[in-house]
Amino acid sequence: MEVKNTNSTQSAYGEPPWIFKGSALYQLHLVKAETARTFVPKDCRLVEAFGYTLGGFFLASYDDSPAGFFDELVVIAGLVWNPPTSCAWAARVLVDSDEACLHGRKVVGLPSQVARFSKKITALPQTPKSKTSSVLSTVGLRTSSASYRNHMDIEVTEIKKQRAINICNINLNTAVPQQESKEWMGPLIKMSLPNFSGRTKYNSDLLKYSCQIECRVRPVRPAKVLGPFALDADKENSSENQSLNVESLGRVPTGTKRNFSISVMLSKPILALEFNHLKMKVEAPTTVTTRSQNTI
């Protein structure tokens, strides 16, 4: 693949690079290659092994960005080969900012959609870590703040033509990050995440861009993801409140990439990383010239 500079970087965001600050959850999943191919252009080589590729999602909350405060969910279909490394391919990008959506579509070539992120924080009791702490809790010598931690449920709803479409519910099993907390948030690291994008009705070019990330990172328990049927059943107080899985997508009207992006969210998680004190610098995209390739 040959990369060429592009001049289509002007937007309401101002001149690149664009800086985003906040916190995020980066969760890696094993995604079926046949599902990932729904999103990846035919002239790009999917990185796969034994019928699977590496996808997942990036859930971020930005408190400082060119578009101000907003939440973002990037559904990652899989990895595309770009010698000598590989790049992530986004299946769907959901943001609760019209400006961020427009910028993602026209400038970065992302499949962006406007969405609503409804957050609910609850205090759940912690399992005592030792017999001593259990005894102290029993006799009332431990404070309630030490016995309970905040957990968050995030319901993601896509807004399309005045319609609200349930996408998923994400249950963060770890404590809600507190920037002022004294709890260990992991080492400070710097890394680069390369991405492919484009080939959409808003931007037909194949693009490549990179995200330079600096943050505190630590492994956490993977978030639990429920599909739209589970959300509807919960709202109706149904006794058959089950998570939507890949096989049950047959119950959804077929022919839309939205349903396949949901199946990516519901695929098997293998690693979850929590990013705190996140600073992400996004470079301007460049146009990529491809040669005909077979999927590996």
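Above this text is the structure in question.
Definitions and cut-offs
- Residues numbered from 1 in each chain as written.
- Predicted model: local features only at pLDDT ≥ 70, side-chain atom pairs only at ≥ 80, totals over all residues.
- Heavy atoms only, no water.
- Helix = DSSP H or I, 4+ residues; strand = E, 2+ residues; numbered from the N terminus.
- Buried < 20%, exposed > 50% of the residue type's maximum accessible area, 1.4 Å probe, protein only.
- Contact = heavy atoms within 4.5 Å.
- Areas by Shrake-Rupley, 256 points an atom, 1.4 Å probe, with all protein chains shown as cover.
- Phe/Tyr/Trp six-rings, centres within 6.5 Å; stacked < 30°, edge-to-face > 60°.
- Pairing = 2+ DSSP bridges.
- Polar contact = N/O pair within 3.5 Å; in protein donor to acceptor, adjacent residues only side chain to side chain.
- Patch = residues over 30% accessible without salt bridge, like charges linked within 9 Å, V, L, I, M, F, W, Y side chains within 5 Å.
- Salt bridge = Lys/Arg side-chain N within 4 Å of Asp/Glu carboxyl O.
- Lys, Arg positive; Asp, Glu negative; His and termini not counted.
- Charge placed at Lys NZ, Arg CZ, Asp CG, Glu CD.
- 1 Å grid on protein atoms, 1.4 Å probe; cavity = no way out; pocket = protein on both sides within 12 Å on 5 of 7 lines; lining within 4 Å.
- Points joined across faces, edges and corners; volume = space filled by probe spheres on them.
- Nonpolar A, V, L, I, M, F, W, Y, C, P; charged D, E, K, R; others polar.

## Focus: the overall build of the protein chain
At step 1: For the protein chain, the count of helices and strands is six helices and 13 strands.
At step 2: Counting only residues that meet the buried cut, the protein chain has 47% of its 296 residues in that class.
At step 3: Summarising the internal contacts of the protein chain: among those between residues at least 6 apart in sequence, 69% fall at separations of at least 24.
At step 4: With the model as given, the accessible surface of the protein chain reaches about 15600 Å², and the carbon-plus-sulfur share is 52%.

## Examining the environment of Val156
At step 1: Structurally, Val156 can be placed in strand β7 (residues 148-160).
At step 2: With relative accessibility at 0%, the residue Val156 sits in the buried group.
At step 3: It is 4.9 Å that separates the C-alpha atoms of Val156 and Phe117, two residues lying 39 residues apart in sequence.
At step 4: Apart from residues lying up to four places away in sequence, Val156 is in contact with Leu73, Leu94, Ala115, Arg116, Phe117, Ile165, Asn166, Ile167, Cys168 and Ile170.

## As for the packing of aromatic side chains
At step 1: Taken as a whole and assessed by the stated rule, the structure comprises eight aromatic pairs.
At step 2: Measuring from ring centre to ring centre gives 5.2 Å for Phe20 and Tyr62, while their planes differ by 50°; the resulting arrangement is tilted. Residue Phe20 is located in strand β2 (residues 18-32), and its partner Tyr62 is located in strand β3 (residues 52-64); the two are separated by 42 residues in the primary sequence.
At step 3: Put simply, the rings of Tyr13, Trp18, Phe20, Tyr62 and Phe70 touch in pairs and so form one group of aromatic residues.

## A few points about helix α6 (residues 257-265)
At step 1: Counting buried residues in α6 gives seven out of nine residues, a clear majority hidden from the surface.
At step 2: Of all the residues in α6, the buried ones are Arg258, Asn259, Ser261, Ile262, Ser263, Val264 and Met265.

## Some words on the pairing of strand β10 (residues 206-219)
At step 1: Here 11 bridges tie strand β9 (residues 188-198) to β10, and the two strands are oriented antiparallel to one another. Bridge pairing in β10 places Gly198 opposite Leu206.
At step 2: Examined bridge by bridge, β10 and strand β12 (residues 268-282) share eight bridges and lie antiparallel to one another. Among the inter-strand pairings, Cys211 is bridged to a residue of β12, identified as Val282.

## Thoughts on the side chain of Asn171
At step 1: Structurally, the position occupied by Asn171 is in strand β8 (residues 163-172).
At step 2: At 2.9 Å, the side chain of Asn171 and the side chain of Asp153 are in polar contact.
At step 3: Not counting residues up to four positions away in its chain, the partners in contact with Asn171 are Met152, Asp153, Ala223 and Lys224.

## A few points about a positive patch on the surface
At step 1: A surface patch of like charges, here positive, comprises Lys21, Lys190, Lys279 and Lys281.
At step 2: Relative to the assigned elements, Lys21 resides in strand β2.
At step 3: The exposure class of Lys21 is partly exposed, given its relative accessible area of 34%.

## A few points about the pattern of salt bridges
Where charged atoms from two side chains of opposite charge approach closely, those side chains can pair.
At step 1: Under the counting rule described, the total for this entry stands at six salt bridges.
At step 2: The salt bridge partner of Glu158 is Arg92, with a shortest N-O separation of 3.0 Å. Of the two residues, Glu158 is situated in strand β7 and Arg92 in strand β5 (residues 85-95); the sequence distance between them amounts to 66 residues.
At step 3: Two residues, Arg218 and Glu274, come together in a salt bridge whose shortest N-O distance is 2.8 Å. A residue pair is termed long-range when its members are at least 10 positions apart, and Arg218 in strand β10 and Glu274 in strand β12 qualify at 56 residues. Residues Arg218 and Glu274 agree in their burial class; the two are buried.
At step 4: In the salt-bridge network here, residues are joined through shared partners; they are Arg92, Glu158 and Arg258.

## Some details on the layout of surface pockets
At step 1: The calculated volume of the largest pocket comes to roughly 600 Å³.
At step 2: Along the wall of the largest pocket there are 36 residues; nearest its centre are Phe58, Val74, Asn195, Tyr209 and Cys211.
At step 3: If you list the elements that add at least two residues to the lining of the largest pocket, you get β2, β3, β4 (70-82), β5, α2 (98-106), β9, β10 and β12.
At step 4: The greatest single-element share of the lining of the largest pocket, amounting to seven residues, is contributed by β5.
At step 5: When the residues that make up the lining of the largest pocket are grouped by side-chain class, the tally is 29 nonpolar, six polar and one charged.
At step 6: Estimated volume of the second largest pocket: approximately 520 Å³.
At step 7: Taken together, 22 residues make up the lining of the second largest pocket; nearest its centre are Arg92, Pro111, Gln113, Thr200 and Lys257.
At step 8: Residue assignment for the lining of the second largest pocket shows that the elements contributing at least two residues are β5, β6 (112-125) and α6.
At step 9: Of the residues that constitute the lining of the second largest pocket, the class distribution is eight nonpolar, six polar and eight charged.

These figures come from the coordinates and say nothing about function on their own.
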